[in-house]
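These are the residues of each chain, in order.
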Amino acid sequence: MKFTKVTAFALTTALTSTVAFADGHMDREGWPESFTVGTASQGGTYFAYGSGWANLVAEELGITGGGEVTGGPMQNMALVHTGEAQFGMTTMGPAAESLQGTNPIAPGLPMTNACAMFPMYQTPFSVTALASSGITSISDIPAGARIGFGPAGSTSDTYFPRMMETLGVDFERRNGGWSDLGGQLQDGLLDVIAFAAGVPVPAVSQLEVQTDVNIIEFTEEEQATIMEAFPVSQFNIAADTYTTLEAPARSVSMWNFAIANCDLPASFVYAVVDVVMSDNERMVNIHRAARSTLPENWDRNGVLMWHPGAAQWFTENAGAEIAADMIHGDM
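These numbers come from a predicted model, not from an experiment.

Leftover empty space is mapped by rolling, across the atoms, a probe with the size of a water molecule. Within this structure, the stated rule accounts for one cavity of 30 Å³ or more. Considering only enclosed or pocket space, the largest cavity measures out at about 130 Å³ in volume. A40, Y46, P73, W178 and A196 are the residues nearest the centre of the largest cavity, which is lined by 20 residues in total. For the lining of the largest cavity, the secondary-structure elements that each account for two or more residues are α2 (45-61), β4 (114-130) and α5 (155-166).

Moving on: the pattern of salt bridges. In the structure shown here, the tally under the stated rule is nine salt bridges. Salt-bridge contacts for R282 lead to E60; the nearest nitrogen and oxygen are separated by 2.6 Å. In this pair, R282 sits in helix α10 (residues 280-286) while E60 sits in helix α2, placing the two residues 222 residues apart along the sequence. Here E172 and R174 are joined by a salt bridge, their closest N and O atoms 2.9 Å apart. Residue classification places E172 among the partly exposed residues on the basis of a relative accessible area of 38%. Judged by relative accessible area, R174 falls into the partly exposed class, the value being 29%.

Moving on: helix α11 (residues 308-317). Since there are 3.6 residues in each turn of an α-helix, residues three or four apart along the chain are aligned in direction. Inspection of α11 places P308, G309, A310, A311, W313 and F314 among the buried residues, and these make up the whole buried set. In the core, the buried residues of α11 are packed alongside β4 and α9 (266-277). One or two positions beyond α11, positive phi appears at G319, with a value near 65°.

We now examine the packing of aromatic side chains. Enumeration according to the criterion identifies 14 aromatic pairs in this entry. Centre to centre, the rings of F35 and F87 are 5.7 Å apart; their planes meet at 65°, and the pair counts as edge-to-face. Taken together, the residues span a long stretch of sequence, with F35 in strand β1 (residues 34-38) and F87 in strand β3 (residues 87-91) at a distance of 52 residues. Grouping residues by exposure puts F35 and F87 together as buried. An aromatic cluster is present here, built from W31, F35, W53, F87, F118 and F268 joined pairwise through their rings. The ring centre of Y159 lies 5.1 Å from the NZ or CZ of R162, which sits over that ring.

Our focus in this paragraph is the packing of helix α6 (residues 178-186) against helix α7 (residues 202-210). Two elements in contact, α6 and α7, have axes whose closest approach is 9 Å; the angle formed by their N-to-C orientations is 30°. With respect to their mutual orientation, α6 and α7 come out roughly parallel. Considering the relative orientation of α6 and α7, their crossing is right-handed. Contacts from W178, S179, G182, L185 and Q186 of α6 reach α7 at A203, L207 and Q210.

Looking now at the pairing of strand β7 (residues 192-196). Across the five residues of β7, five count as buried, placing the element largely inside the fold. By the alternation rule, side chains of β7 split into V192, A194 and A196 and I193 and F195, which are all buried. In this sheet, β7 lies alongside β4 in antiparallel orientation, the contact comprising four bridges. Across the sheet, the residue bridging to S126 is F195, located in β7. Alignment of strand β5 (residues 145-148) against β7, held across two bridges, turns out to be parallel. Each residue of the ladder has a partner; that of G148, found in β7, is I193.

The next thing to look at is unusual backbone geometry. Negative phi characterises most residues that are not glycine, and trans characterises most peptide bonds. The omega angle of the peptide bond from V199 to P200 is 0°, so this bond is cis rather than trans. The topology assignment puts P200 in the loop between β7 and α7.

What follows is about the side chain of T90. Within the secondary structure, T90 is located in strand β3. Residues contacting T90, with those up to four places away along its chain left out, are Y46, P73, M77, A95, W255, N256, F257, I259 and L304.

With their axes 10 Å apart at the nearest point, α2 and α9 run at an angle of 110° to one another. As far as their axial angle goes, α9 and α2 are roughly perpendicular. Crossing angle aside, the handedness with which α2 passes α9 is right-handed. Only F268, A271, V272, V275 and V276 of α9 make contact with α2, whose side of the interface consists of W53, L56, V57, E60 and L61. A class-by-class count of the residues in the contact of α2 with α9 yields nine nonpolar, no polar and one charged.

Confidence in the prediction for the protein averages 91 pLDDT; 92% of positions are at 70 or higher. In this model residues 1-20 is a low-confidence stretch, pLDDT under 50, and it forms 39 contacts with partners more than four residues away in sequence or in other chains.

What counts, and at which threshold
Residues numbered from 1 in each chain as written. Predicted model: local features only at pLDDT ≥ 70, side-chain atom pairs only at ≥ 80, totals over all residues. Heavy atoms only, no water. 1 Å grid on protein atoms, 1.4 Å probe; cavity = no way out; pocket = protein on both sides within 12 Å on 5 of 7 lines; lining within 4 Å. Points joined across faces, edges and corners; volume = space filled by probe spheres on them. Helix = DSSP H or I, 4+ residues; strand = E, 2+ residues; numbered from the N terminus. Salt bridge = Lys/Arg side-chain N within 4 Å of Asp/Glu carboxyl O. Buried < 20%, exposed > 50% of the residue type's maximum accessible area, 1.4 Å probe, protein only. Contact = heavy atoms within 4.5 Å. Phe/Tyr/Trp six-rings, centres within 6.5 Å; stacked < 30°, edge-to-face > 60°. Lys NZ or Arg CZ within 6 Å of the ring centre and 35° of its normal. Axes fitted to C-alpha atoms, helices over the stretch in contact; angles between N-to-C directions. Parallel < 35°, antiparallel > 145°, perpendicular 65-115°, else oblique. Left-handed = near helix turned anticlockwise from the far one by under 90°. Pairing = 2+ DSSP bridges. Nonpolar A, V, L, I, M, F, W, Y, C, P; charged D, E, K, R; others polar. pLDDT = per-residue confidence, 0-100.

Set out below in structure tokens:
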């Protein structure tokens, strides 16, 4: 199993400004010399968000670390489970499938060594087309439309094609990184892109700068149909998310969580969670989706076992009441 290192990989060492914070986490027994965070393709929210918090943690704790391009949530579950990546990010649907042993990367292998670390944000499912296409609703999508669903095995690719089929859309399925799919849409090689990613999606924001687009919402009936068939909840994309929107756009969403290899030292994971969760403003500066990266959202995880270090942080700092049978090993 391989994943691609990018030139933006952070090689951050201890800085004078972070000594005070790092000294607050002196119990470093068993800590790795470096760490990686499995994200997703460039141009998507996972890459921007994940690389950002990886760099923040590296700087604050004085340890080498950074984000890695991967295939997204399904591959991240596999990488973290095996220890090839110390950390990663996943959505609750792929997490549940991975625990059940139905992850397509390793069918039959329950990936139980990936633990919950902290809540990230909700992933809305949204559809974008060029304004010139005339597509303004799901029902406008023509039969045989070429739809880009993101990287193979991603949350978007796992669930959005099924949603489209449920809504009666006939399409040709295309895969690729978000930036690449955005370029294909602009070049007329795709009719629609169907994104499942934290908003604003960088690739969509870039498209808005270069051309006119339609961000297509679900009707109330379509939203209800999808919520009945899939593990998603009601969501509205705020009007100020994109310049194209004049009003909130009706959508559905799935929660995302950061994950850690369950065998990592509790003191290390505690320190990482402390960095990310202690100052939400810094996280929002990394990506606006982090407005939901708040301690009180710890209870959005009902799927993964908690890493002991993370469970300790949320118990001590967020008043979390996490059942003992939801914590991996002993605290």
